[in-house]
Amino acid sequence: MSDVVVMLVDNGSTRAASVLSLRAIAARLAAACGHPVHPVSLQHADRVTPDQLDGIAAQVLPVFLRNQLTAGLRKFIVVPLIFGNSRALTSFIPEQAALLAEEFGPFELRLAEALVPLPRGEPLLARILAEQVAQCSAALGTLPTRVVVVDHGSPQPEVTAARAKVTMGLRDHLAEGIALGQAVMERRQGAEYDFNGQLLADMLDSCAAQDPHAVVILAMMFIAPGRHAGPGGDIETICRDAMQKNPGLRVGISRLVGEHPLLVDILNQRLRALL
């Protein structure tokens, strides 16, 4: 292991809070596995100024790999902090590795499984969401009438299938009578993308139309705060607007997956499967 560079990789964000979250999770994973883990984003994070990141610039994959190869290192493991088998994993990382191999010669880069490998899924992730929902329910002082699993949304069926798999697992943790749904923050126009699901704002309006006194908890399938999730994100705004529009509606937002200690257990399993 001493000559293997382990990276915990996310898609990347221009929000400092997202970069700091990635670093915190990488530090927890390093403590769990007993090996250094480098927090690396695929893109975007290098646009965050170091003064927002405790003076330490964020790392992005192409630059990080280039620097490591220049230093003579040739063995790498990527542990994705990504839910489904997105193009980030199937295209972007292999393409970047191929470009660098043309310049530096062959090197070894192994990619661990995503957080929700299909078809088997990841029971621990359903448990994380269930515990976050229970905590949110306790804060509201009531059981929800509906739980909605919310993610970013993707034009790739494989990514939507990962969310659906987690939602099926979550069903087993909820009390009878609680309805369960799925929603997204972004989706493309057109019937060909209907598989991706309903936009969150539309879902909340539908819940209120069916039951003017609905209590909805959003099970947040987001790792870190960013444009959509976390304080000041779009989701907070959408929920506030929905409750103003539908005065009987109550909406609670669960904590993020990256805040739960079991996430590191999943990541450690993915890493150890390659060692």
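The following refers to the structure shown. Please read these numbers as outputs of a predicted model, since none were measured by experiment.

**Re the overall build of the protein chain**
- A tally of regular secondary structure across the protein chain gives 8 helices and 9 strands.
- Against the globule reference of 19 Å for 275 residues, the protein chain gives a C-alpha radius of gyration of 20 Å, in line with a compact fold.
- By principal-axis analysis of the C-alpha atoms, the protein chain measures approximately 65 × 40 × 35 Å.
- Counting over 275 residues, the protein chain shows a buried share of 50%.
- Partitioning the contacts of the protein chain with sequence separation of at least 6, the portion at a separation of at least 24 is 76%.
- In the protein chain, 24 positive and 27 negative side-chain charges are present, and the distance between their average locations comes to 2 Å.

**Overview of the packing of helix H4 (residues 123-140) against helix H5 (residues 157-171)**
- Running from N to C, H4 and H5 cross one another at 60 degrees; their axes reach a closest spacing of 8 Å. Taken together, the axis directions place H4 and H5 in an arrangement best described as oblique. Taken as a pair, H4 and H5 cross one another with a handedness that is right-handed. Facing H4, whose interface residues are Leu125, Ala126, Leu129 and Ala130, H5 presents Val166, Gly169 and Leu170.
- A per-class count over the contact of H4 with H5 returns 6 nonpolar, 1 polar and no charged.

**Digging into the environment of Arg250**
- Tracing the backbone shows Arg250 in strand S9 (residues 250-253).
- Separated by 124 residues in the primary sequence, Arg250 and Ala126 place their C-alpha atoms 23 Å from one another.
- Beyond its immediate stretch of four places on either side in the chain, Arg250 contacts Leu140, Thr142, Ala214, Val215, Val216 and Met243.
- Among the polar contacts made by the side chain of Arg250, one reaches the main-chain carbonyl oxygen of Leu140 at a distance of 3.1 Å.

**Thoughts on the nonpolar core**
- Within the largest apolar cluster, 43 residues are counted, with the highest numbers of intra-cluster contacts made by Leu8 and Leu267.
- The set of elements that each furnish at least two residues to this core consists of strand S1 (4-10), helix H1 (16-33), strand S3 (75-80), H4, strand S5 (146-151), H5, strand S8 (215-220) and helix H8 (262-272).
- In terms of residues, this core owes the most to one element, H4, which gives 7 residues.
- By size, the runner-up hydrophobic cluster in this structure holds 21 residues, among which are Leu204, Cys239, Ala242 and Leu249.

**Side note on the pairing of S5**
- Summarising burial for S5: 6 of the 6 residues are buried, a large majority.
- Of the two faces of S5, the one carrying Arg146, Val148 and Val150 and the one carrying Val147, Val149 and Asp151 are both buried.
- Sheet analysis places S5 next to strand S6 (residues 179-184), joined by 6 bridges and oriented parallel. Within S6, the residue paired with Val147 across the bridge is Leu180.
- Read from S5 through H5 to S6, the crossover connection turns out right-handed.
- The sheet contact formed by S5 and S8 spans 5 bridges and is parallel. Paired with Val149 across the bridge in S8 is Ala219.

**Some words on the pattern of salt bridges**
- For the structure shown, the criterion picks out 11 salt bridges.
- One salt bridge connects Glu108 with Arg110, and the closest N-O pair in it is separated by 3.2 Å.
- The class for Glu108 is partly exposed, based on a relative accessible area of 33%.
- In this structure, Glu186 and Arg227 form a salt bridge, with 2.7 Å as the shortest nitrogen-oxygen distance. Separated by 41 residues along the polypeptide, Glu186 in the loop between S6 and strand S7 (198-199) and Arg227 in the loop between S8 and helix H7 (234-245) bring together distant segments of the chain.

Procedures and definitions
- Residues numbered from 1 in each chain as written.
- Predicted model: local features only at pLDDT ≥ 70, side-chain atom pairs only at ≥ 80, totals over all residues.
- Heavy atoms only, no water.
- Helix = DSSP H or I, 4+ residues; strand = E, 2+ residues; numbered from the N terminus.
- Rg over C-alpha atoms; globule rule 2.2 N^0.38 Å.
- Buried < 20%, exposed > 50% of the residue type's maximum accessible area, 1.4 Å probe, protein only.
- Contact = heavy atoms within 4.5 Å.
- Lys, Arg positive; Asp, Glu negative; His and termini not counted.
- Charge placed at Lys NZ, Arg CZ, Asp CG, Glu CD.
- Axes fitted to C-alpha atoms, helices over the stretch in contact; angles between N-to-C directions.
- Parallel < 35°, antiparallel > 145°, perpendicular 65-115°, else oblique.
- Left-handed = near helix turned anticlockwise from the far one by under 90°.
- Nonpolar A, V, L, I, M, F, W, Y, C, P; charged D, E, K, R; others polar.
- Polar contact = N/O pair within 3.5 Å; in protein donor to acceptor, adjacent residues only side chain to side chain.
- Core = buried A, V, L, I, M, F, W, Y, C linked by side-chain atoms within 4.5 Å.
- Pairing = 2+ DSSP bridges.
- Right-handed = clockwise from strand over helix to strand, strands pointing away.
- Salt bridge = Lys/Arg side-chain N within 4 Å of Asp/Glu carboxyl O.

Geometric values such as these leave the question of function open.
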